Structure formats: C-alpha cells, structure tokens
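Here's the letter readout for the chains.
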Amino acid sequence: MREYAHFKEQFKEQFWRPERSSNGHVAATAAGWMLIGIGIGVGAALLLAPLTGRELRDAIVHGCRRTLNGISGGISRGTQELRQRGSNLLNFNRHHAG
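Residues numbered from 1 in each chain as written. Predicted model: local features only at pLDDT ≥ 70, side-chain atom pairs only at ≥ 80, totals over all residues. Heavy atoms only, no water.

### So, the overall build of the protein chain
Note the cut-off: Only DSSP runs of H or I with at least four residues qualify as helices, and only runs of E with at least two residues qualify as strands; both kinds are numbered from the N terminus onward. Classification of residues uses two cut-offs on accessible area relative to the type maximum, computed with a 1.4 Å probe and protein chains only: under 20% is buried, over 50% is exposed, and between them is partly exposed. Where accessible areas are quoted, they stem from the Shrake-Rupley method and a 1.4 Å probe; at the residue level, only the protein chains shown are allowed to cover.
Within the protein chain, the secondary structure is distributed over three helices and zero strands. Helices and strands appear in the protein chain in the N-to-C order α-α-α. Counting all 98 residues of the protein chain, 1% fall into the buried class. When the accessible surface of the protein chain is summed, it comes to about 9,100 Å², and 61% of that surface belongs to carbon and sulfur atoms.

Here's what the structure looks like:
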C-alpha cells in the first residue's frame, strides 16, 4: 500500500500541477490532458477510417481548398460591400454638404 501511495504522489507531482487563478478555479494541466485526448481521438479515427491513405489525403486537401475558397469569396464580397457603402456615404455627404 505504501508503494501505491508513493506512486500516486509521484504521478501527481509529474502530471497534475494545479495553478489557482485569481478567482480560485484550478487552471491546471487540464488543457494539456484535453490535447492528449484529442490526439488519441484523432489517431484512433485515422486508424479506423474507411478510406485509404490517398483517399483520406485527397479528402483533406479538397476540404482545405473548399474552406480557403469560401474564405476568399467572403473577403471579396465583404470588400465589395464595403466599397459600395463608402461610395454611398461619399455621395450622400457631397449631396447634403453643398
């Protein structure tokens, strides 16, 4: 039993170092444990994926391209809308200033 208690304390010292924030909540290595869990989940998902490696890479590339194209299109639409609003505001000021 003493060995177990010693191991438990050693484990706590190595992996669980709680840091208390100003409001008293533990802001310990919970985020680290969460990242480890995410890594394990991703690894398991890749091992159990019904696609071959090439198909999976192609799907990832396709998804990234689609996302980047969507972001690019959104930025373009936002820029056009901003220019139109600026032009409308400029015309409004010219019309009401003179």
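What follows picks up the thread again.
### Points about the pattern of salt bridges
Definition in use: Salt bridges, as used here, are contacts in which a Lys or Arg side-chain nitrogen is within 4 Å of a carboxyl oxygen on Asp or Glu.
Going through the model one piece at a time under the given rule, you end up with one salt bridge. In this structure, Arg85 and Glu81 form a salt bridge, with 2.8 Å as the shortest nitrogen-oxygen distance. With Arg85 and Glu81 both in helix α3 (residues 53-97) and four residues apart, the pair spans about one turn of that helix. You can call Glu81 partly exposed: its relative accessible area is 43%.

### Things to note about a nonpolar patch on the surface
In plain terms, the rule: Residues with no salt bridge and a relative accessible area higher than 30% make up the patches, which join like charges within 9 Å and nonpolar side chains (Val, Leu, Ile, Met, Phe, Trp, Tyr) within 5 Å.
A cluster of nonpolar residues, Met34, Leu35, Ile38, Val42 and Leu46, forms a patch on the protein surface that exposes about 490 Å² of accessible area. Locating Leu35 in the fold gives a position in helix α2 (residues 30-48).

### Quick word on the confidence of the model for the protein chain
Heads up, the rule is: The quantity called pLDDT is the predictor's confidence in a given residue, expressed from 0 to 100.
Looking at the protein chain as a whole, the pLDDT averages 79, with 70% of positions reaching at least 70. Least confident of the elements in the protein chain is helix α1 (residues 2-15), whose mean pLDDT is 67; most confident is α3, at 90.

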